[in-house]
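# Architecture and fold: a report
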Amino acid sequence: MNFDIKIYSHDTSDVYKIEVTENYEGDKWHVVVFEIDDLDFNHFDTRGFDTPNEVFEYLRELGNFPKE
């Protein structure tokens, strides 16, 4: 499974495109983040996670979303 997400930061004007892929390069969940600046996509971060919950916690921090 793979999917893309676009996140708009609540605290800044940053926009991120996140590519999530299951079972890729030895990671259970492989996440690649690009910062979108105008129409340019600049690599921001790449990380591997073991659970979907870890992925969502990372995305929450990336977008500066409050914990509920």
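Up top is the structure.
Thresholds applied
Along each chain, residue indices are assigned from 1 in the same order as the chain's sequence is written. For a predicted model such as this one, the threshold for reporting local features is a pLDDT of at least 70, and the threshold for listing and counting side-chain atom pairs is 80 or more; totals across whole chains, interfaces and linings nevertheless cover every residue. Where side-chain values are given, they derive from all heavy atoms of the structure, hydrogens and water being excluded. Under the scheme used here, helices are H or I runs from DSSP no shorter than 4 residues and strands are E runs no shorter than 2 residues, and both carry numbers assigned from the N terminus. Values of the radius of gyration come from C-alpha atoms, whereas the globule rule sets the reference at 2.2 Å times the count of residues to the power 0.38. Note on classification: 1.4 Å probe, protein chains only; a residue is buried when its accessible area is under 20% of the maximum for its type, exposed when over 50%, partly exposed between these limits. Contact criterion: two residues are considered in contact whenever any of their non-hydrogen atoms come within 4.5 Å of each other. Only rings of Phe, Tyr and Trp enter the pairing, Trp through its six-membered ring, and a pair is recorded when the two centres are within 6.5 Å. The plane angle decides the type: under 30 degrees is stacked, over 60 is edge-to-face, the rest tilted. Residues grouped as a nonpolar core are buried Ala, Val, Leu, Ile, Met, Phe, Trp, Tyr and Cys residues, joined through side-chain atoms within 4.5 Å.

So, about the overall build of the protein. Within the protein one finds one helix and four strands. The helix and strand sequence of the protein, counted from the amino end, reads β-β-β-β-α. For 68 residues, the compact-globule formula gives about 11 Å, and the C-alpha radius of gyration of the protein, at 12 Å, lands near that figure. In terms of overall dimensions, the protein has a C-alpha envelope of 30 × 30 × 15 Å along the principal axes. Across the 68 residues in the protein, those meeting the buried criterion constitute 29%. For the protein, restricting intrachain contacts to residue pairs at least 6 apart in sequence, the fraction spanning at least 24 positions comes to 22%.

Here we come to the packing of aromatic side chains. Within this structure, the stated rule accounts for two aromatic pairs. Judged by centre distance (5.2 Å) and plane angle (55 degrees), the rings of Tyr-16 and Phe-44 are tilted. Here the residue Tyr-16 occupies a position in strand E2 (residues 15-24), and Phe-44 occupies one in strand E4 (residues 40-49), the gap between them amounting to 28 residues. Phe-44 sits in the partly exposed class, given a relative accessible area of 40%. When the centroid spacing of 5.4 Å and the interplanar angle of 40 degrees are considered together, the rings of Phe-49 and Tyr-58 count as tilted.

A separate point is the nonpolar core. In this structure, Ile-7, Tyr-16, Ile-18, Val-20, Trp-29, Val-31, Val-33, Phe-49, Val-55, Tyr-58, Leu-59 and Leu-62 together form the largest nonpolar core, which totals 12 residues. When contributions to this core are tallied by element, the ones reaching two or more residues are E2, strand E3 (27-37) and helix H1 (52-62). Counting residues per element, this core draws most heavily on H1, which supplies four residues. Once you skip the residues sitting within four places of it in the chain, Val-31 turns out to touch Ile-18, Glu-19, Val-20, Asp-45, Thr-46, Arg-47, Phe-49, Val-55 and Tyr-58.

Structural measurements only, silent on function.
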